[in-house]
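# Residue-level structure breakdown
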Amino acid sequence: MKVLQINAVYGFKSTGVIVNDIADTLEQNDGEGYFAYQSTCEPVKNGYKVGGKLGWKWHALHARIFGKQGYASKLATRKFLKWIDEIKPDIVHFHNLHSNYINLNMLCDYLAKKEIPTVITMHDCWYFTGKCSHYAAVKCDKWQTKCGNCPLNKAEVPSLFFDNTEKVLKDRTEHLLKIKNLTLIGCSQWIANEAKKSRLQTANIGVVYNGVDTELFTPHENGFRKEIDAEGKFLILGMADKWYAEKNREIVERLIAAQGEDTRIVIVGCKDEQKEYFERFEKVTSVGYVTDRKRLSDIYASADVFVNLTRADTLPTVNMESICCGTPVITFDCCGSPELVDKDSGYIIKEGDAEELITKIAEIKQAPLTFDVKEKQKKFDKNECYKKYLEIYNGMIRE
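Heads up: these notes are all about the structure in this document. (Residues numbered from 1 in each chain as written. Predicted model: local features only at pLDDT ≥ 70, side-chain atom pairs only at ≥ 80, totals over all residues. Heavy atoms only, no water.)

A separate point is the overall build of the chain. Across its full length, the chain carries 15 helices and 15 strands. Relative to its length of 399 residues, the chain is compact, with a C-alpha radius of gyration of 22 Å against a globular reference of 21 Å. Here the chain, with 399 residues, has 58% of them falling under the buried criterion. Contacts in the chain between residues far apart in sequence, at least 24 positions, make up 67% of those at least 6 positions apart. Of the roughly 17800 Å² of accessible surface on the chain, 48% is carried by carbon and sulfur atoms. (Helix = DSSP H or I, 4+ residues; strand = E, 2+ residues; numbered from the N terminus. Rg over C-alpha atoms; globule rule 2.2 N^0.38 Å. Buried < 20%, exposed > 50% of the residue type's maximum accessible area, 1.4 Å probe, protein only. Contact = heavy atoms within 4.5 Å. Areas by Shrake-Rupley, 256 points an atom, 1.4 Å probe, with all protein chains shown as cover.)

Glancing now at the side chain of Thr 121. Among the secondary structure elements, Thr 121 is positioned in strand 7 (residues 118-122). Judged by its relative accessible area of 0%, Thr 121 is buried.

Pairing in this open sheet of 7 strands is parallel, and the strands run 5-3-1-6-7-8-9 from one edge to the other. With partners counted over all chains shown, the strands left at the sheet margins are strand 5 (47-49) and strand 9 (204-207), one partner each. Here the average twist between neighbouring strands, direction ignored, is 20°. By the bridge criterion, 5 bridges tie strand 7 to strand 8 (residues 182-186) in an arrangement that is parallel. From the neighbouring strand, Val 119 faces strand 8, where its bridge partner is Thr 183. Where helix 15 (residues 382-398) meets the sheet, it contacts strand 1 (2-6), strand 6 (91-94), strand 7 and strand 8, and its direction lies at approximately 150° from that of strand 7. (Pairing = 2+ DSSP bridges. Axes fitted to C-alpha atoms, helices over the stretch in contact; angles between N-to-C directions.)

Throughout the structure, instances matching the rule amount to 22 aromatic pairs. Seen from their ring centres, Phe 66 and Phe 162 are 6.1 Å apart, and the 5° between their planes marks the pair as stacked. Note that Phe 66 is positioned in helix 2 (residues 53-66) and Phe 162 in the loop between strand 7 and helix 5 (165-177), a separation of 96 residues in sequence. Arranged with centres 6.1 Å apart and planes meeting at 85°, the rings of Tyr 300 and Phe 306 form a pair that is edge-to-face. Phe 306 matches Tyr 300 in its accessibility class, with the two residues each being buried. Through a chain of ring-to-ring contacts, three or more aromatic side chains come together here, namely Tyr 34, Tyr 48, Phe 80 and Trp 83. The positively charged end of Arg 249 is found above the aromatic ring belonging to Tyr 244, 4.3 Å away from the centroid. Here the basic side chain of Lys 360 rests over the ring of Tyr 347, its NZ or CZ set 4.5 Å away from the ring centre. (Phe/Tyr/Trp six-rings, centres within 6.5 Å; stacked < 30°, edge-to-face > 60°. Lys NZ or Arg CZ within 6 Å of the ring centre and 35° of its normal.)

Note that Asp 342 resides in the loop between strand 14 (329-332) and strand 15 (346-349). The exposure class assigned to Asp 342 is partly exposed, which follows from its relative accessible area of 28%. Not counting residues within four places of it along the chain, the set of residues in contact with Asp 342 comprises Lys 376 and Lys 379.

This paragraph deals with the sheet that holds strand 14. Within the open sheet, the 6 strands sit side by side as 12-11-10-13-14-15. Their pairing is parallel. Two strands lie at the open edges of the sheet, namely strand 12 (284-287) and strand 15, each paired on one side alone. Between one strand and the next, the sheet's axes are offset by a mean angle of 20°, whatever the strand orientation. Along the sheet face, helix 11 (residues 293-302) touches strand 10 (234-239) and strand 11 (263-268) and points at about 135° away from the line of strand 10. Contacts from helix 13 (residues 354-366) reach strand 10, strand 11, strand 13 (305-308), strand 14 and strand 15, with the element oriented near 170° to strand 15.

Given below as structure tokens:
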């Protein structure tokens, strides 16, 4: 069985690692993996780079001028479709296509004409909206019927002049539904349920959790606490993009102010301006973006609690990685984040509730949560999760 996966990145960032892991599972079961991508940090066997820098820049400009992402890159997409003709995949598997490198309508029309079974992993909401990858923060439900007057038109990939979200939603759903053998896979139950309310509701819709390398992300001794001079302290872990977000700034400052001398806070993934902000606080240690996954697992395993302040996330891999390292999670009751946290492995609190957040941290400090890590790892083990894709591929080919 030949499976072609298409994603903006290969081999790095969360979706790039997922693509690689799915391919490993496929090859362990006598399948053959092919890859199309915009960027990679390593040579790719059976790989195809879609377009080039000039084409990507034009696509990004086109999207900003006309408010229509996925409509440019016609020449690059035409060349790519010829490559698909050559390799003749049994299955085509979409991941993230919204990085200004491919023409979605052309790709869908080709797959429909060739009758190639197609899987879409919904890492976010882009496939069933007229523009945005997440709408939870603005509480929008227009995507269920007809977009327009988009509250996020100037966000994400900002549309400078036009609001074409109504047309894009119509085009996107119509072209996708031309593919007769189409399966949408939510990487959380939340996003699968959202897709069932969308204009793509007639497609097959299922759920496969993104997996975690449970051999790497597991409880273990390491020297991170000593490195940051936090031995004997209660250690709170957070991720910079969520803690630095404007909506969370007041909550973060109240949380930090509520901690005593017995507590340290580590914020991972800081850019320069974020480091500058967090270094104002004596109790906070800021760490840059961590590419070494072993080091990341050391940080998780060293923490006493991971606080995820996400307000719009399909399935935060960070929650799974933390729990697999034996560290409980506190998260807001938003999108897919809560479904990863059981009663014994953390707390789900009301979105934006600073008082409840501070209280739950204090409870864990007073009475640490304990849970069966091995049992949680079974749920998130990538080897088990990605075998489900093989079942889906085989079922679609039989169909």
